[in-house]
Each structure stands twice: as structure tokens, then as C-alpha cells.
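Examining the three-dimensional arrangement
Letter by letter, the chains look like this.
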Amino acid sequence: MAKFKHAIVVGASSGIGREIARQLAASGCRVGAVARRGERLAELEKEFPQLIVPCVHDATDYDSVPKVFQDLTGQVGGLDLIVYASGVMPIVEVDEYSFEKDKAMIDTNVLGAIAWLNQAAERFSHTGHGSLVGIGSVAGDRGRMKQPVYNASKAALHTYLEALRNRLDRKGVKVVTIKPGPVKTEMTAGLDMPGMMEPEQVAAFVIKKASKTGEHYVSPKHAVIFAIIRNIPSWIFRRLNI
Amino acid sequence: MDLPTPQHLALPGDKIREITGFGMSFRADSYVFQPTTLDEVREVFALARQVGRNIVLRGAGRSYGDAAIDAESIALDFTQMKRFLSWDPETGIAECEPGVTIEDLWRTGLPHGWWPKVVSGTMFPTLGGALAMNIHGKNNFRMGTLGDNVLEIDLMTVDGKVRTLTPDQELFYAAISSAGLLGVITRVKLGMKKVHSGDLKVYAESLPNWDAQIEAFEKRAENADYMVSWVDCFGSGAGAGRGLFHAAWHLPDEDSESLLPFHQDLPEKIAKVVPKSQVWRILKPLNNRFGMKWLNAAKHLSGKFVGNRKMHTQSLVAFSFLLDYVPNWRNAYLPDGFIQYQTFVPKEAAKRVFAKQIEMTQEAKMEPFLGVLKKHKPDRFLLSHSLDGYSFALDFKVSEETWPRLQRLCQRMNEMVIESGGRFYLAKDGTLTPEHAQAYLGENLTTLQLLKKELDPEGLLTSGQARRLKLFESA
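Residues numbered from 1 in each chain as written. Chains lettered and ligands numbered in written order. Predicted model: local features only at pLDDT ≥ 70, side-chain atom pairs only at ≥ 80, totals over all residues. Heavy atoms only, no water.

1. Overview of the overall build of chain A
- Helices and strands together make up the secondary structure of chain A, namely eight helices and seven strands.
- Judged by the C-alpha coordinates and their principal axes, chain A covers about 55 × 40 × 35 Å.
- Relative to all contacts within chain A whose residues are 6 or more apart in sequence, the contacts with residues 24 or more apart total 64%.
- Looking at chain A as shown, the accessible area adds up to about 11,200 Å², and 54% of this sits on carbon and sulfur atoms. (Helix = DSSP H or I, 4+ residues; strand = E, 2+ residues; numbered from the N terminus. Contact = heavy atoms within 4.5 Å. Areas by Shrake-Rupley, 256 points an atom, 1.4 Å probe, with all protein chains shown as cover.)

2. Some remarks on the packing of aromatic side chains
Residues and elements named next belong to chain B.
- This structure, assessed with the given rule, holds 23 aromatic pairs over all chains.
- Taken together, the ring pairs in this structure connect Phe22, Tyr64, Trp329, Tyr333, Phe338 and Phe369 into an aromatic cluster.
- Lys194 extends its terminal NZ or CZ atom over the ring of Trp114, reaching a point 4.8 Å from the ring centre.
- Stacked on the ring of Trp230, the Lys or Arg Lys299 has its end atom at 5.0 Å from the ring centre. (Phe/Tyr/Trp six-rings, centres within 6.5 Å; stacked < 30°, edge-to-face > 60°. Lys NZ or Arg CZ within 6 Å of the ring centre and 35° of its normal.)

3. Some points on the environment of B:Trp294
- Turning to its location among the elements, B:Trp294 is positioned in helix 9 (residues 289-305).
- Taking C-alpha positions, B:Trp294 is 55 Å from B:Asp159, a pair spaced 135 residues apart along the chain.

4. What about the pairing of strand 13 (residues 226-231) of chain B?
Residue and element names in this part refer to chain B.
- A large share of strand 13 lies buried, amounting to six of its six residues.
- Across six bridges, strand 13 lies against strand 14 (residues 243-250) in antiparallel orientation. The partner of Val228 across the bridge, within strand 14, is His246.
- Across three bridges, the pairing between strand 13 and strand 19 (residues 370-376) is antiparallel. Bridged to Val231 within strand 19 is Gly371. (Buried < 20%, exposed > 50% of the residue type's maximum accessible area, 1.4 Å probe, protein only. Pairing = 2+ DSSP bridges.)

5. With respect to the pattern of salt bridges
All names here are of chain A.
- Applying the stated criterion to the full structure yields 35 salt bridges over all chains.
- Between Glu43 and Arg18 there is a salt bridge; the shortest N-O distance is 3.6 Å. With Glu43 in helix 2 (residues 38-47) and Arg18 in helix 1 (residues 15-26), the pair connects residues that are 25 residues apart, well separated along the chain.
- Where Arg230 meets Asp141, a salt bridge forms, and the shortest distance between an N and an O atom there is 3.4 Å. Highlighted residues: Arg230 in helix 7 (residues 220-230) and Asp141 in the loop between strand 5 (131-135) and helix 5 (148-168), separated in sequence by 89 residues. (Salt bridge = Lys/Arg side-chain N within 4 Å of Asp/Glu carboxyl O.)

6. Some remarks on the sheet that holds strand 1 (residues 6-10) of chain A
Residue and element names in this part refer to chain A.
- Read across the open sheet, the seven strands follow the order 3-2-1-4-5-6-7; overall the sheet is parallel. Each end of this open sheet is capped by a strand with a single partner; those strands are strand 3 (52-56) and strand 7 (214-217). Taking the axes of each pair of neighbouring strands and ignoring which way they run, one obtains an average angle of 15 degrees across the sheet.
- In this structure, strand 5 lies alongside strand 6 (residues 174-179), joined through five bridges in parallel fashion. Within strand 6, the position partnered with Ser131 by the bridge is Lys174. (Axes fitted to C-alpha atoms, helices over the stretch in contact; angles between N-to-C directions.)

7. Observations regarding the domain arrangement of chain B
Residue and element names in this part refer to chain B.
- For chain B, the assigned domains read domain 1 (84-194) and domain 2 (199-433).
- Taken over C-alpha atoms, the centre of domain 1 sits 24 Å from the centre of domain 2.
- Each side of the interface is counted separately: domain 1 has 38 residues, and domain 2 has 37 residues.
- Roughly 3,300 Å² is buried in total at the junction of domain 1 and domain 2, and carbon and sulfur atoms are behind 63% of that figure.
- It is His136, Lys138 and Phe141 in domain 1 that bury the most area against domain 2; as a group they hold 23% of the surface buried on that side. (Domains from an automatic or database assignment. Buried area = accessible area lost by both parts, 1.4 Å probe.)

8. Things to note about unusual backbone geometry
Residue and element names in this part refer to chain B.
- The linkage connecting Leu334 with the following residue, Pro335, adopts the cis geometry, with an omega of 15 degrees.
- Looking at the element boundaries, Pro335 is found in the loop between helix 10 (316-320) and strand 18 (338-346).
- If you check the backbone angles, Lys365 has positive phi at about 55 degrees while not being a glycine.
- Within the element layout of this structure, Lys365 appears in the loop between helix 11 (347-363) and strand 19.
- For Lys365, a relative accessible area of 52% gives the class exposed.

9. Some details on the nonpolar core
- Counting residues in each nonpolar core, the largest one holds 119 residues, and the members touching the most others are B:Trp115, B:Ile153, B:Leu190, B:Phe354, B:Phe392, B:Phe396 and B:Leu406.
- When we break this core down by domain, the ones giving at least three residues each are domain 1 (84-194) and domain 2 (199-433) of chain B.
- Ranked by size, the runner-up nonpolar core spans 33 residues in total, among them A:Val9, A:Ala25, A:Leu81 and A:Val133. (Core = buried A, V, L, I, M, F, W, Y, C linked by side-chain atoms within 4.5 Å.)

10. Focus: the interface of chain A and chain B
- Between chain A and chain B, the contact holds 14 residues from the first and 14 residues from the second.
- Summed over both partners, the interface of chain A with chain B comes to about 1,100 Å²; 48% of that surface belongs to carbon and sulfur atoms.
- On the chain A side of the interface with chain B, the three residues burying the most area are A:Gln70, A:Arg123 and A:His126, jointly 47% of the side's total.
- Our count for the contact surface shared by chain A and chain B stands at two salt bridges.
- Among the ionic pairs, A:Arg123 bridges to B:Asp29, the shortest N-O distance being 3.1 Å.
- Taken together, the links from chain A to chain B amount to six residue pairs in polar contact (both at pLDDT 80 or more).
- At the level of secondary structure, the elements contributing two or more residues to the side of chain A that touches chain B comprise helix 3 (65-76) and helix 4 (99-127) of chain A.
- It is helix 3 of chain A that provides the largest number of residues to the side of chain A that touches chain B, a total of five residues.
- Of the residues belonging to the side of chain A that touches chain B, the class tally is one nonpolar, eight polar and five charged. (Polar contact = N/O pair within 3.5 Å; in protein donor to acceptor, adjacent residues only side chain to side chain. Nonpolar A, V, L, I, M, F, W, Y, C, P; charged D, E, K, R; others polar.)

Below you can see the structure in the form of C-alpha cells.
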């Protein structure tokens, strides 16, 4: 497992992102922790005073990303790893078509990821090293009736990351897509889902796989199930209640 | 140069590069700018202030450790500022921009019978970088350092002003040797040495131990032009210090053909068979303790039986630039690189300290794969590494796993060097601590700090090494 020295985690105030930032800092890595909620970042900084560099930023403030990214890499002292862990999944009813909710998902899950990861991709393509990780989801493997835009946003992230992988592999840069199943976070609070994973477990998996370019399902069980689901013909899939 | 407009305060993303020390064990990402004029240098100073970044000065990147790298800073790389401003083939005096290399110098001078007075073991350093570190060669005991042989320099400080400095000014001795921390050397005027032949007369002698090593140097110090000795760092007991000594003399007779570059150019193939660009691939599998023990023993044996105590002729380039014989040889040390650990010890303590250093490396099972001994004389430069004594340069392989242990070993050896009144060379350093630097630099460190306050009060110029050694923290 590569030992990272300088990292940025976008979406570090809660859930998987917060755990990734904590575990990286605990291993001695200096982490630029990016999130909207400054008070949450202050708690992290208090826990790892020399290692967490808090950065209050809204991932959807795309225009400011180039400057924020560059300033943060300067403060962190370099960059070996970036993890984009920001994500939203508002509850959408099966017969609801709310553009506001859908746009929020595209803004954070897709455009925010592109704004941040493009910066890292450009940097890594010039330095010839680095790992770029996006937290995708098994939900992005198929378009399902319950979450059309959340599914679409994760599918877009997966395809974007695949394209970056194809661009950057020859330059020595690792591009990693992580596909967790449901995780016990604020985003899933109140949802009744089977087999929920702990964020600590997912974070440890992300760090372990961060230098192994490719797509990784967090659960081996999901790898099998979703291999099947991906291959169900559309005319059957549309009749299933999943 | 493509600089961002003042309204857009982020640095251009396409300027970032990973840069390394020559040993490749120190690495950092920096925004690299390659100015070609003095005004472009000033523009980069202004830009650094606007974006709140430091600047690290860099020539060809031949310093082994972290002297020419600094994480997330602007690296001002002078390799494209490489014009000869004047050159007089009658007097052998050249005025150069800082990116002119030692190779450029000999290729320009030698056809007219001029050879640089001081050259390093590789021809690729720039003059700016070489003066910042005040390099020496195999004739240090006779000619001093490169700085000793410079007539005039221009120093640009971070306020953009240029001062012309000559050897009758104290600042000359600080600007040269201070590792690019006081200002940029933007012009160098130097004279070259008149030579009649492009060849040297070279004497080789296989030596059995440390006593014989020191004796060989002392015996020929009166008349040799160059001296250097290889040491087998795996030799122990009665064989400790064994190696191969070389002394060389310029030839007095005119031989104009030997002055031409085609006579000097190093062969493309080793033993007329192996393309030298591929030799590092052959070396790589041998680049471990077992392989290197065998290679060192083989070299010692061949020195004993081939050409021992005999004279031969060798071209100036082949003798001087041994490091350039095998291109990319350092790749054999990948992925984690190597350090070159070179310490300078007064004559009377040299044998004891160097013998002990080798014993310590053998006890730790971390023997250097190469050891090179040279004789030196003192000079008056502010951060001088030289003294009346000897230096011993050791190449250590680095791996992520062994690096902490290697650092501790070198630091224990550093203590011994300091106790003997010895010195260190910033171009080679990667293991000194702030306490070690303070101990060997003494009052000169205070002088450096005072000059820093005067010439670069905002501390714009820095390096990974300056940060590691906390050179300016107590200023």
C-alpha cells in the first residue's frame, strides 16, 4: 500500500470523506480537508492539528476551484492523492420529477467532481505522478426507477473517471473509481437499506486501493451481483422492481 | 515567457513539474519557469510576490540532494539563459550567462587551446549552479574551487538590482558558495587555462590500504595537475582502504589534432560492443550489496594487474568527466535513487575518520557502492566545503525501507566529521541536521543570515535544503 504524504479530500466534513481524511492524517499524511461546513473541519483540525489543513469551500463554486486548488496544494506542501467524496442524494419519490433536486445532484456529484479532478488531472499529467480517486457508487451501474438522476450522476462520474484513466495511465497517474454500496452516512440517514457499510470500513478500502488504478467494488458480493445486474437485458430490467 | 496576468493570480497549471536532486532520492513538485533575459527574471520575482510563493534557483539540477528543489515553490531554471556574452580565443577569457555549461565552455575553448581551470566530474552543470555550490575538481589541491578562478560575476538580488562583484569584494565570496540563497548569478567572467594538447599523461597505481592511499596523494601533490583515487568500500581488515589512484599531468607538446572535439568525444559503445546508453540496464541487476561487492573486487583486481604503476595517455574529457561515460547510469538506482555523501576532513584526521566511516557502513551492512578520495586546499568562500585535507565521496543506494537507517548512519558519521574539524558540501548534502550545519558553519552562518536580511529581507529565495537545515530560522 502506498504511503501518501500530501492529499486533498473534497467533502471531508462528513461520511466517507471525513473518515478518509482522518485515516490519512492518522498515517502521517498532510491533508487538505475541503468542505462547506467550517465547524466540522475545525473539529478535524483539532484532532490532527499539524496534519489537517482546513479549506472552507462549496464544491459547486466551480469558478473559484483553480485558485483554491492551487493555494491548498501550496499549503499542504504538494499532492500525491486527491479524493473527491462530495455527494448529495436527496430523497426523490418514485413519481417525483424535481429539477431542483436533480440539478443539485448533477452540480455536486458531477460538475463539482469535474471542477476539482480536472485541476488534479492537469497537475498530475505534468508531474507524472499522483492518484486521483472518485467515490462513485453501485447505483451508477444501471438506471433504476427509484433514482434516475442520482444513478445518472454516478454513471457520469464513472465514465469521466474511465476517460481520465485512459488519458493519464501512460503518464504514470493512477485514476481510481470506488463503488461502495449503501454506507451509513448522513446522506443515507432515515433510509432502510440492507447491508449498510460503515464509513470507516469504506475509507480504509479507499486508501488501500488509491494507488491501484481501475474500478473497485468495496464489497466482493457487490462485484458479483452488479456484474449480473449490468448484463440483464433492458427488456427484462424494466420489468424488475429494483 | 507565458506569465499570468495580474488579475489572474493562480500560477499557470502547465508549469508544474516534478523536479529531483541528481540522486533522485529528493523530489518535489514546483512551478518551473525558464527565463531567457534579466527582465524575465525580474517578472518571475514579481509573480512570486503576487502569488505568495518562494523561489528556488536551479541550474542543470546536478546537486545530489535538495539544494535545487523546493516543494510548491517557483523553480527558476536557468538552463535556457545560456549565451556567451563574449569570448576571446587569444586570451581565453569568456563572459557567460548562467546557463552556459562546463561542456559549452570546453567545446568553445579547447579548439583554441583553452581548457576550463576547474571542472566537476560531469560536464553538465551550468556555471550559475556550479558557482552557487562553488564546485571543485580533481585539481582542488592545486587550483582551488571554481570560484577561485572567476574574474567577475553579476549578482541580481530579489529587488531586481544587478551588482558586479570582483574578488576584491567580500560579497563576491558570499554570492559564490551560498547555494543561490542570496541572489541570482546572472553573468560570469572567467579565464581558461592554456593547454597545448587535448590529452593528459595519466599514472595509475593499485593501492592496498588507507596508508598507501594518503601516501600516494602526498607524494605527488607537489607536481601533479590532477589526483583522484577510487576506494573499494567493501575492503576490510588488511584490505581496508584498498583502491586505485590516478595522477595526471597536462602534456607540454603541441598536438593540435587532440584539441578538436572529435578527439575528445566519448565513445558511443563500451568495449566497441555495448551501446553505452543501455549500460545502466546491465548495471541495474548488479546494483545491490552482493553485485557491488563483486564488481568492486573485480575492479580492484583489474587495477592490480592491468596498467599498475604505469603511465598512459587519456583525453581531457575522458579523464575529467568519468560520470558522463555511462549516460543515465543513475537510473540503475531507481526507483528510490541514491545519495552521495561527501565529507571533508583535515589532513591529520582524514585516514582515521574515513576508515571509521567505512567500518561503520560495513557494520550496518550498508556499504557505499562507490568511494572516491580527493585532496583539497582551503579557500575563503563563505559556505566553503574545502579545507587543508581530504574528501571522501560515498554513493549510497536509497530505498524507502532503509532511508531512516541510512540517515541515522550518516548522521553518526557527520558527528565524527564535526569532531575532527571537518566540513560538508551543500551540493552533496542530504543528511545534515540544523545542529550539524550550525556546528560546521559557525560564525559564517551568522554572516550568511545578516547578508540574507540585507539582500533578501522577505526571504523570497529558499530551497528544500535551506528549510531542512533551518538556515534562516534563527536570523
